[in-house]
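Okay, here's what each chain looks like letter by letter:
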Amino acid sequence: EGRLVLDPNRMGAGIVTGIGFLGAATVLRSGDALRGLTTAACIWYVAGLGIVLGNDHYALGIIATLIVLFVLTVLNRLTGFIDPVIYRRLIVMHAHEDAKQLVDKINVILRKEGCRVLDLASGHDRVHDSHELVFYVSLKNDLQSPRVTGGVVALPGVNSARWKLISNPH
């Protein structure tokens, strides 16, 4: 006669894999922000809790539930004290011959607003006789962008300044 073999490890691996796909479907990217990470983590936790309780490990299930409730309530309140980091490119079109002097002035504006310059690139278009400076910047909030743009555009010789999102800063 046939033999029935139940392997709880394989069953758990299948559950974790399937729930991983469901959790990934809840994560949405909107500009710089990722939405749904907590939801995805909770879905994965509940699946793991089901596996633990299904194997009669009730004490482990209770302890894990208390830890998760602590993280979702107490630690969630502490996230308000953490400043977010937003990565952007500041693209400045200018007619300056001395780009070094302009870079120094823009750096002063960026530092004054609390922005950090990660990198700097430049270019020159001979056909249109335009110069371009690209500052790779980390910001603490979206309110810094308009103030920086206003200060940079007010500099003599600057034709335009605009921001672009950096999709992957690393």
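Refer to the structure above for everything that follows.
These figures come from a predicted structure and were not determined experimentally. (Residues numbered from 1 in each chain as written. Predicted model: local features only at pLDDT ≥ 70, side-chain atom pairs only at ≥ 80, totals over all residues. Heavy atoms only, no water.)

## Side note on the environment of Ala-41
Counting through the fold element by element, Ala-41 comes out in helix H2 (residues 37-54). For the pair formed by Ala-41 and Ala-24, sequence separation is 17 residues and the distance between their alpha carbons is 9.4 Å. (Helix = DSSP H or I, 4+ residues; strand = E, 2+ residues; numbered from the N terminus.)

## Observations concerning the sheet that holds strand S5 (residues 130-139)
Either a parallel or an antiparallel arrangement is found when strands of a sheet pair, and the pairing is made through backbone hydrogen bonds. The strand order S4-S5-S3-S6 describes an open sheet built from 4 strands, whose pairing is antiparallel. Bordering the open sheet on either side are strand S4 (116-125) and strand S6 (158-165), each of which pairs with just one other strand. Averaged over neighbouring strand pairs, the angle between their axes works out to 20 degrees when direction is ignored. For strand S3 (residues 86-94) and S6, the ladder comprises 7 bridges, and the chain directions are antiparallel. Paired with Leu-90 across the strands is Trp-163, a residue of S6. Across the sheet, helix H4 (residues 99-112) touches S3, S4, S5 and S6, and the angle it forms with S5 is around 25 degrees. Across the sheet, helix H5 (residues 144-153) is in contact with S3, S5 and S6; its angle to S6 comes to roughly 160 degrees. (Pairing = 2+ DSSP bridges. Axes fitted to C-alpha atoms, helices over the stretch in contact; angles between N-to-C directions. Contact = heavy atoms within 4.5 Å.)

## What to know about H4
The first and last C-alpha atoms of H4 sit 20 Å apart over 14 residues, in line with the 20 Å expected at 1.5 Å per residue. Within the sequence span of H4, burial applies to Leu-102, Val-103, Ile-106, Asn-107, Ile-109 and Leu-110. Down the axis of H4, the sector holding all buried residues measures 160 degrees, keeping them to one side. Exposed positions of H4 whose direction lies more than 90 degrees from the buried face are Lys-100, Arg-111 and Lys-112. Buried residues along H4 sit against S3, S4, S5, H5 and S6. (Expected span 1.5 Å × (residues − 1). Buried < 20%, exposed > 50% of the residue type's maximum accessible area, 1.4 Å probe, protein only. Arc of directions from axis to C-beta.)

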